[in-house]
Amino acid sequence: QVQLVESGGGSVQAGGSLRLSCAASGYTGRSACMGWFRQAPGKEREGVAVINTYFRTTYYADSVKGRFTISQDNAKNTLYLQMNSLKPEDTGMYYCATTGRNGRCRAVPGPESFSEYDYSYWGQGTQVTVSS
């Protein structure tokens, strides 16, 4: 089975940077989608960024475009989220997820790629806190 473990979260002041990592074990599929989601206390979980791991095509939420970058390192079986120019509204628990080998994954991700129903495997999350 696929297991995902996030790391790299922490506390940072506004304008700072963090890089989140998601270590994957098990076979996720050659053309799976992997994504980063976040959830602030009392709010719904929202999609942040998605990557098709075969084509390496990406999609970002409008709120993070130009500031966040999703990437992967196949040799390390790791997904990353580089977060720059962090804002207090970026605070939340960040989760990585994958559609898995049998999951639906478009060649070019779009808004529909943030549908949580398409993701079969989730990590436990890592906390990101941005102070003003």
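Residues numbered from 1 in each chain as written. Predicted model: local features only at pLDDT ≥ 70, side-chain atom pairs only at ≥ 80, totals over all residues. Heavy atoms only, no water.

Concerning the pattern of salt bridges
Okay, step 1: In total, this model carries six salt bridges according to the counting rule given.
Okay, step 2: Glu-46 is paired through a salt bridge with Arg-38; the nearest N and O atoms lie 2.8 Å apart.
Okay, step 3: Using a relative accessible area of 36% as the deciding quantity, one classes Glu-46 as partly exposed.
Okay, step 4: Classification of Arg-38 as buried rests on a relative accessible area of 5%.
Okay, step 5: Among the salt bridges present, the one from Arg-45 reaches Glu-116, with a minimum N-O distance of 2.9 Å. (Salt bridge = Lys/Arg side-chain N within 4 Å of Asp/Glu carboxyl O. Buried < 20%, exposed > 50% of the residue type's maximum accessible area, 1.4 Å probe, protein only.)

Quick word on the packing of aromatic side chains
Okay, step 1: What the rule picks out here adds up to six aromatic pairs.
Okay, step 2: When the ring of Tyr-54 is compared with that of Phe-55, the centres are 4.9 Å apart and the planes differ by 85 degrees; the resulting orientation is edge-to-face.
Okay, step 3: Since its relative accessible area comes to 43%, Tyr-54 is described here as partly exposed.
Okay, step 4: Between Tyr-119 and Trp-122, the aromatic rings sit 6.1 Å apart at their centres with planes inclined by 65 degrees, giving edge-to-face as the arrangement.
Okay, step 5: Using a relative accessible area of 6% as the deciding quantity, one classes Tyr-119 as buried.
Okay, step 6: Assessed through its relative accessible area of 23%, Trp-122 is described here as partly exposed.
Okay, step 7: Lying over the aromatic face of Trp-122, Arg-45 brings its terminal NZ or CZ to 4.0 Å of the ring centre. (Phe/Tyr/Trp six-rings, centres within 6.5 Å; stacked < 30°, edge-to-face > 60°. Lys NZ or Arg CZ within 6 Å of the ring centre and 35° of its normal.)

What about the environment of Gly-35?
Okay, step 1: Topologically, Gly-35 is positioned in strand S4 (residues 33-39).
Okay, step 2: By relative accessible area, Gly-35 is classed as buried at 0%.
Okay, step 3: In this structure, the C-alpha to C-alpha distance between Gly-35 and Lys-87, residues 52 residues apart in sequence, is 20 Å.
Okay, step 4: When near neighbours in sequence (up to four residues on either side) are disregarded, Gly-35 contacts Ala-49, Val-50, Ile-70, Leu-79, Tyr-95, Cys-96, Ala-97 and Tyr-119. (Helix = DSSP H or I, 4+ residues; strand = E, 2+ residues; numbered from the N terminus. Contact = heavy atoms within 4.5 Å.)

Describing the side chain of Asn-52
Okay, step 1: With respect to the helices, strands and loops of the structure, Asn-52 is situated in strand S5 (residues 46-52).
Okay, step 2: Not counting the four nearest positions on each side in its chain, Asn-52 is found in contact with Ser-31, Ala-32, Cys-33, Thr-57, Gln-72, Cys-105, Arg-106, Ala-107 and Pro-109.

Details of the sheet that holds strand S7 (residues 68-73)
Okay, step 1: The strand order across the open sheet built from four strands is S1-S3-S8-S7, with neighbouring strands paired in antiparallel fashion. Strands at the two margins of the open sheet, each flanked by one partner only, are strand S1 (3-7) and S7. On average, each strand axis in the sheet is inclined to that of its neighbour by 15 degrees, with strand direction left out of account.
Okay, step 2: Pairing of S1 with strand S3 (residues 18-25), which is carried by five bridges, proceeds in the antiparallel orientation. Bridging from a neighbouring strand, Ser-7 pairs with Ser-21 of S3. (Pairing = 2+ DSSP bridges. Axes fitted to C-alpha atoms, helices over the stretch in contact; angles between N-to-C directions.)

A closer look at the state of the cysteines
Each disulfide is one covalent bond, formed between the sulfur atoms of two cysteines.
Okay, step 1: One pass over the structure, following the stated rule, counts two disulfides.
Okay, step 2: Each sulfur in the disulfide pair Cys-22 and Cys-96 lies 2.0 Å from the other. Disulfide Cys-22-Cys-96: torsion about the S-S bond near 60 degrees, hence right-handed. Here Cys-22, found in strand S3, pairs with Cys-96, found in strand S9 (residues 92-98); they are 74 residues apart in sequence, far enough to count as distant.
Okay, step 3: You can call Cys-22 buried: its relative accessible area is 0%.
Okay, step 4: On the accessibility criterion, Cys-96 (0% relative accessible area) is buried.
Okay, step 5: Bridging Cys-33 to Cys-105, the disulfide has an S-S length of 2.1 Å. Handedness here is read from the sign of the S-S torsion; for Cys-33 and Cys-105, about 80 degrees, the answer is right-handed. Taken together, the residues span a long stretch of sequence, with Cys-33 in strand S4 and Cys-105 in the loop between S9 and strand S10 (121-122) at a distance of 72 residues. The two residues Cys-33 and Cys-105 agree in class, both being buried.
Okay, step 6: Here the bonded cysteines of the protein chain are numbered in sequence order, and their pairing is 1-3, 2-4. (Disulfide = S-S within 2.5 Å.)

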